[in-house]
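Fold and geometry: a report
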Amino acid sequence: MKKKSKMSIKQRLTLLISLLVILSSITVGAITVISSTQIVEQNTRGWMTNEAAIGAYLVSVFIQNRFDILREIASTDHMKSMDWDRQYQLLLPYTREMDFDEFAVIDLQGNARHLGGSNPNLMNREYVQRALRGETAISDIISPTAGAVRLEYPVMNYVVPIKSEGMVIGALLARTNALDFSSLITSIKARGHSYAFMVSGKGEYIAHSTRQEMILENPLELAKTNPAMVSHAGAVQRMISNTAGGNTDYIFEGTKMVCAFAHVTGYDMVLVLTAVHQSLLTEINILRNIIIIVVAVFIGAGLFVALKIAGWMSKRLKNMKKTVTRLGDGDFSQHHPILAIDEIGAIAGALNQCMDNIQHLVKTIKEKSDFLFKTGEQLSGDMIQTAEAMNQIDVNMTNVNNRMENQSASVIETSSTMRQMISSINKLSDNVESQSESVAQSSSAIEEMLANIESVTQTLVRNSESVRSLAKASDAGRGGLQEVASDIQEIARESEGLLEINSVMENIAGQTNLLSMNAAIEAAHAGEAGKGFAVVADEIRKLAESSSDQSKTISGVLKKIKESIDKITMSTNVVLEKFEDIDKGVKIVSQQEDNIRASMEEQSAGSKQILDAISNLNELTRQVKGSSLEMLEGSHQIMQESENLEQVTSEITGAMKEMSRGTSQIGSAVKRVTETASDNKDNISILVNEVGKFKVQ
């Protein structure tokens, strides 16, 4: 299992921004140094190429001037006479006045007569053969011991034909010190530690501005026995082969050399201007030091800015975490501060709107719950009073029923025996009097009960309106919470968009890594010239790897934020479920209120029927009382009144049974109302406890 990183978001942001600043600064600095180096090298190589071409032109002019002098001498009559004495007299002063060491006249057989007295045959010399064919020619450098005459220094021979009437009759040879070329090219230099030299078409050194001891050495031959000369020999071979001139590099005595070369026009010679590569980079080294200082300053400033940005972002995320924690604990009393208008600010605004909606909803529920609680308590008290009144009515009805049974027995006895009529009438009078009082008490109790039932009915009507208002508030709160849930889901979808952007960043980092690998391969193919670019490619690869790692870290942070949003969504769903329960409870209360009101309406109708029956009973009782008085006044009507009394008693008995049934119905209704009120009170208590868990302003 991979161990989770304990780095904070502030540390990660600081590290990421610092790495970006450092790598960007180093990359820009490296690119600047490399570009500057390439520009300076290109300019230097171009300038050296021009200098080499100018030097080659000077050498060509120098040689051409000598040939012009010799052609002018060869065109004189003295030389055309082929008379040695006359020639001797002509040439002798030139050895003192001109930069020639020796003159010689060569006949068509190759015999040479020198001013110094020697007479060698030079027919085997290629440059002599060319002169006798009518061409001007210059010899290779001749070592002090390799020529016809032994000397202390290497020489070169210039030969021009002597013509008479268009025919070659001989040749004029002039010998010069070969070190003259070295003196000529001494002034040809480049920046830094540089020097010039010349090689022949065979690769031999003709001249050297600083190391004349190398004249006549051939690097192509030396490379066969000395591995250290291989690079130099290869460069010389390229110079000889490339007649257009240009630039080439080589290693000489362990030092990298940069050189420019140009062929001497008309002659098999190459002039080379070379310089130590490192000495050409003095200005680049100064620029590099300045860039290092500037990069260090940028890195310091970048680290400072990274620390500030990371601290600011970390503070905002910590505040967001505190707010989400408070919301999870049910505390909606404080708004989340919005420090900036951005994605985090938008989330904070949505949270604040969510808290406002929930606060309004909870306040409304609390107010309606308190009202329902008070109404439930009032309803419960009214139901207790109603139950007590019904108990009293039941007792009175029992007494009335018992007395009616006695009255019925008395009527039967009156019918069977007339002797006890007087006592029965007296007893009947007493019973009727007691009955009248009981009926009056029952009528008063029923009227009071009817007033209580009407009050309860009005209370239930108002309670029903409150319940409907609570249902509307619950629906509005649930709708607002659903809108908040939709906003949170929209935020979750935006977070998924950020994850997709981060995935794109990871793909870019992978492409950058692949690009750096390709650049490293191309740098490796470039060899020495690509080493600097290889370093840049390696840094880009490291930057890509670091960007990939940080992208993964940012992806983890975004996933955590998404998990937090999912938790908020789950909490919102839980609250929605609570609101569903509240809505169900409110609907149950509303239904129970409707049932109670229907029961109370039934009870009111029954009470009115009982009141009507009691009124009838009261009227009958008065009639019975009148009949009893009439029975006392005249016994002749006793039998008739007994019959009437028996009929009235039967009617009263039916009425009492009807009243008893109405009382039972009222008792059942009161019992149901009491049970419903108790359940309603319990539900309201649960609702108050649930709402009390939310903390609002």
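The present account deals with the structure reproduced in this document. Worth saying up front: this structure is predicted, and the values here are computed from it rather than measured.

**Here's the deal with a nonpolar patch on the surface**
- Together, I286, I290, V294 and F298 make up a nonpolar patch on the protein surface, roughly 380 Å² of accessible area in all.
- Relative to the helices and strands, I290 resides in helix α8 (residues 282-328).
- With relative accessibility at 47%, the residue I290 sits in the partly exposed group.

**Some thoughts on the sheet that holds strand β1 (residues 102-106)**
- Taken together, five strands build an open sheet; the order of strands is β2-β1-β5-β4-β3 and the sheet is antiparallel. This sheet does not close on itself; its edge strands, each paired only once, are β2 (112-114) and β3 (137-138).
- As paired strands, β1 and strand β5 (residues 167-177) are joined by five bridges and run antiparallel to one another. Looking at the pairing, I106 lines up with A171 of β5.

**Some points on the sheet that holds strand β9 (residues 255-263)**
- What the five strands build is an open sheet, ordered β7-β6-β10-β9-β8; its pairing is antiparallel. What marks the edges here is a single partner per strand, and that holds for β7 (205-208) and β8 (246-252). Averaged over all pairs of adjacent strands, the angle between strand axes in this sheet comes to 30°, irrespective of strand direction.
- Here seven bridges tie strand β6 (residues 194-200) to strand β10 (residues 269-276), and the two strands are oriented antiparallel to one another. By the bridge assignment, M198 is partnered in β10 with L271.
- The sheet contacts of helix α7 (residues 230-241) involve β6, β7, β8, β9 and β10, and relative to β8 the element is tilted by about 165°.

**A closer look at the pattern of salt bridges**
- This model, assessed by the stated rule, comprises eight salt bridges.
- Salt bridges linked by common partners bring E126, R130 and E135 together as one network.

Definitions and limits used
Residues numbered from 1 in each chain as written. Predicted model: local features only at pLDDT ≥ 70, side-chain atom pairs only at ≥ 80, totals over all residues. Heavy atoms only, no water. Patch = residues over 30% accessible without salt bridge, like charges linked within 9 Å, V, L, I, M, F, W, Y side chains within 5 Å. Areas by Shrake-Rupley, 256 points an atom, 1.4 Å probe, with all protein chains shown as cover. Salt bridge = Lys/Arg side-chain N within 4 Å of Asp/Glu carboxyl O. Helix = DSSP H or I, 4+ residues; strand = E, 2+ residues; numbered from the N terminus. Buried < 20%, exposed > 50% of the residue type's maximum accessible area, 1.4 Å probe, protein only. Pairing = 2+ DSSP bridges. Axes fitted to C-alpha atoms, helices over the stretch in contact; angles between N-to-C directions. Contact = heavy atoms within 4.5 Å.

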